[in-house]
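Chain by chain, the residues run as shown.
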Amino acid sequence: LDQNVLVRNPDIQSPLGVAELMWDESFYFALIEAPHAVHALLDKITSFTVQYVREIQRIAGEHYNPCGFPLIWANGPGTMVADDTMSLVSPEMHAEFSVPYLNRIADEVGPLYYHSCTWRKPYFDNIKEIRNVKAVNWNPGNSDDPAVILPEFSGKAVFALHLCKDMH
């Protein structure tokens, strides 16, 4: 590759989002009725995600761009993770079933370029618990007013709002 060409990391969904896609229609019941089984699957997905990110970092080398979206400049180690399932579970479930696995990814192959389409105040404490975040991305059309979000997270990461031409 030409020295200026970067290989963007694809849109990696959070372990919770991947588990939801793998499970049948009983997934949200399983969070309550079979949490141990859900945690076992989340652990496997997290391990796979870490291995995948390490391998794409190795293959792409200096051409690696850890952030697939938004199309911001990014270099070095790390990965984008989309935590879109956050708004589909309670803040308590998100804290239990998503944050620990996001932190494991952040600790092992971070920093994170953290995305969730929907940022609402009840989840702010959970988002603040996610470690090693370099940039954050959310959809202003689905989230609390940026005037509420910006003061909560200023000074913690680069803001890269989820905006693109003709998005909505």
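Residues numbered from 1 in each chain as written. Predicted model: local features only at pLDDT ≥ 70, side-chain atom pairs only at ≥ 80, totals over all residues. Heavy atoms only, no water.

Caption draft 1: Just the nonpolar core, in detail. Counting residues in hydrophobic clusters, the biggest one holds 25 residues, and the most contacted among them are Tyr114 and Trp119. Take this core: its biggest share by element is five residues, from helix H5 (residues 99–109). Of all hydrophobic cores here, the second largest spans 13 residues; its members include Leu16, Ala19, Leu41 and Leu42. (Core = buried A, V, L, I, M, F, W, Y, C linked by side-chain atoms within 4.5 Å. Buried < 20%, exposed > 50% of the residue type's maximum accessible area, 1.4 Å probe, protein only. Helix = DSSP H or I, 4+ residues; strand = E, 2+ residues; numbered from the N terminus.)

Caption draft 2: Region of interest: unusual backbone geometry. With omega at 15°, the peptide bond leading from Gly110 into Pro111 counts as cis. Mapped onto the elements, Pro111 comes out in the loop between H5 and strand S4 (112–115). At Asn132, a position not held by glycine, the phi torsion is positive, near 55°. Here Asn132 is to be found in the loop between helix H6 (124–129) and strand S5 (133–137). In this structure Asn132 comes out as partly exposed when scored by relative accessible area, which is 40%.

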